[in-house]
Amino acid sequence: AAHALAASPRALTPTPHDLSCALAMEVEKLQERVLQGEALNADIINKYKIAAEIANSTMAQIVKLCQHQTNIAQLCALGDQLVHEKLAQVFNRGQVEKGPAFPTCISVNNCLSNMAPLHEETGFLQAGDVVKIDLGVQLDGYIAMIGHTHIIPAADPSEPTKGKAADVVSAAYLAAEAVVKMLRPGTKSADLTRAIEKVAAEFRCTPVDGVYSCNSKRFIIDAEKQFLNKYSDDVNPPEFVVNENDVFHVDICMSTGEGKTRELDARTTVFQRDVSKVYNLKMKASRALLSQVSQHYPTMPFCIRGMDAKGMLGLKECVQHGLLVPYPCKFERPGDLVARFRLTVLVHGHGRAAERLTGHEPPYISSVYGVQDAQIAAVLQGRYEPGAPIHA
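All of these numbers come straight from a predicted model, not from anything done at the bench. (Residues numbered from 1 in each chain as written. Predicted model: local features only at pLDDT ≥ 70, side-chain atom pairs only at ≥ 80, totals over all residues. Heavy atoms only, no water.)

Novice: Before we move on, can you summarise the layout of surface pockets with the specific residues and values?
Specialist: Quantified by volume, the largest pocket comes out at close to 870 Å³. Around the largest pocket, the lining is made up of 34 residues, and of these Tyr212, Ile221, Asp222, Gln272 and Tyr327 lie nearest the centre. Ranked by residue count, the leading element in the lining of the largest pocket is helix 2 (residues 16-35), at three residues. By residue class, the composition of the lining of the largest pocket is 16 nonpolar, nine polar and nine charged. (1 Å grid on protein atoms, 1.4 Å probe; cavity = no way out; pocket = protein on both sides within 12 Å on 5 of 7 lines; lining within 4 Å. Points joined across faces, edges and corners; volume = space filled by probe spheres on them. Helix = DSSP H or I, 4+ residues; strand = E, 2+ residues; numbered from the N terminus. Nonpolar A, V, L, I, M, F, W, Y, C, P; charged D, E, K, R; others polar.)

Here's what the structure looks like:
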């Protein structure tokens, strides 16, 4: 919307009608852009890989800084800053849209996702914390997502973490590994979900309800091919077959508890513009906020940390009328632990294994459990024939 408003001098101080018309035009252009289908080529794959390199290196820097008494809000802000700084060094010729595809979130222990505290909110990491770090990078609309679980050593860092923390991290990491090994042309989505459930059972853990992995398209994080962490009576996405050149965001979440998350009293700070919605906002502050969002985050989720105080006054009206969609923090029950790994994966053909574009090494852990199931063990060893059913 900002580009449209800059087209004429009078648009520098737009009326509500001007802004509504400009947003409608922007919505139409964005919908056109995200719906266009593009086959992968060398240029597109290169953009995915550069975005992935930036995501991976940023994750490595944040993990290194996750230590006892580290300020969580400052760490989240640093992650976003690093993404912007790294993107500023690439594709500077022409007009290439680039930025975070998802703000840096750091969710601790029983908190699963979307925790991005503001500067004034205090919170510090503690020894023994199970820390989920999540962020994303987009370059010309091609998106690399990464999620990692880190454990802050409670005692001697040369000794592995054991107990429930080790079990849940092992379950999430190995389930993600199994899915990556199975992502080949011909694999059925139902078998991917069954593999995740079987790995969870090996480590006496539960896949988290309502979490799904999905394919990605230009400017779209969650496209139409979706498979769940676990089967649900409430949500049943259509089954599909994996194809060559699919790009998947594999998102695996495990819990030591029931695997049912809920919203508690944590403040929601992550939102996304719904480009399908148009509404003539009444408050000047609301229009100012939406203008900022449309200029800087037209299609991707963002944290309100960078918004000015005046615009923040309009947040409620934007959410109330569906222009901004909230990403609330999700929690398991107190005392339970959750782990998450998120990878961006490119599916190859001609018998080649899928290419993992993002990811980070797991923390130093030792679980008393292991993979005993012969079929899952074969998958993890790379011995899976696409289309072969995973037995329940």
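Novice: Tell me about the sheet that holds strand 9 (residues 270-273), residues and numbers included.
Specialist: One open sheet accounts for three strands, arranged 10-9-11; its pairing is antiparallel. Each edge of the open sheet is held by one strand with a lone partner, namely strand 10 (302-303) and strand 11 (324-326). Inspection of the sheet shows strand 9 paired to strand 10 by two bridges, in the antiparallel sense. Looking at the pairing, Phe271 lines up with Phe302 of strand 10. (Pairing = 2+ DSSP bridges.)

Novice: Go over helix 6 (residues 189-202) with me, naming the residues and quoting the values.
Specialist: With 14 residues, helix 6 should reach 20 Å at 1.5 Å per residue; the first-to-last C-alpha distance of 21 Å fits that figure. Residues of helix 6 that are buried: Ser189, Ala190, Asp191, Leu192, Thr193, Ala195, Ile196, Lys198, Val199, Ala200 and Glu202. Turning to helix 6, the residues buried within the fold contact helix 5 (164-182), strand 5 (206-207), strand 7 (226-228), strand 8 (247-255) and helix 10 (374-380). Trailing helix 6 by a residue or two, Arg204 shows a phi angle of about 55°, which is positive. (Expected span 1.5 Å × (residues − 1). Buried < 20%, exposed > 50% of the residue type's maximum accessible area, 1.4 Å probe, protein only. Contact = heavy atoms within 4.5 Å.)

Novice: I'd like to hear about the environment of Met307, residue by residue, with values.
Specialist: Secondary-structure assignment places Met307 in the loop between strand 10 and helix 8 (309-312). Assessed through its relative accessible area of 10%, Met307 is described here as buried. In this structure, the C-alpha to C-alpha distance between Met307 and Gln292, residues 15 residues apart in sequence, is 7.7 Å. Discounting residues that sit within four places of it in the chain, Met307 has contacts with Leu289, Gln292, Val293, Tyr297, Phe302 and Met312.

Novice: Which residues make up the packing of helix 3 (residues 42-65) against helix 4 (residues 72-87), and what are the values?
Specialist: Where helix 3 contacts helix 4, the two axes come as close as 10 Å, and the packing angle between them is 150°. Taken together, the axis directions place helix 3 and helix 4 in an arrangement best described as roughly antiparallel. The handedness of the crossing between helix 3 and helix 4 comes out as right-handed. Packed against helix 3, whose contacting residues are Ile54, Ser57, Thr58, Gln61, Ile62 and Leu65, the element helix 4 presents Leu75, Leu78, Gly79, Leu82, Val83, Lys86 and Leu87 at the interface. Looking at the contact of helix 3 with helix 4, its residues break down into eight nonpolar, four polar and one charged. (Axes fitted to C-alpha atoms, helices over the stretch in contact; angles between N-to-C directions. Parallel < 35°, antiparallel > 145°, perpendicular 65-115°, else oblique. Left-handed = near helix turned anticlockwise from the far one by under 90°.)

Novice: Residue-level account of the packing of helix 5 against helix 6, with values.
Specialist: For any two helices packed against each other, one specifies the crossing angle of their axes together with the interaxial distance. Put simply, helix 5 and helix 6 touch, their axes get as near as 9 Å, and they point 150° apart. Compared by their axis directions, helix 5 and helix 6 come out roughly antiparallel. The two elements helix 5 and helix 6 meet at a crossing, and its hand is right-handed. On the side of helix 5, the interface is formed by Ala171, Leu174, Ala175, Val179 and Met182, while helix 6 contributes Asp191, Leu192, Ala195, Ile196, Val199 and Ala200. For the contact of helix 5 with helix 6, the residue count by class is 10 nonpolar, no polar and one charged.

Novice: Tell me about the packing of aromatic side chains, and please be specific about residues and values.
Specialist: A complete count under the given rule lists seven aromatic pairs for this structure. For the pair Tyr173 and Phe341, a centre-to-centre distance of 5.4 Å together with 75° between the ring planes defines the contact as edge-to-face. One end of the pair, Tyr173, is in helix 5; the other, Phe341, is in strand 13 (residues 338-346), and 168 residues separate them in sequence. Residue Phe341 is classed as buried on the basis of its relative accessible area of 2%. (Phe/Tyr/Trp six-rings, centres within 6.5 Å; stacked < 30°, edge-to-face > 60°.)

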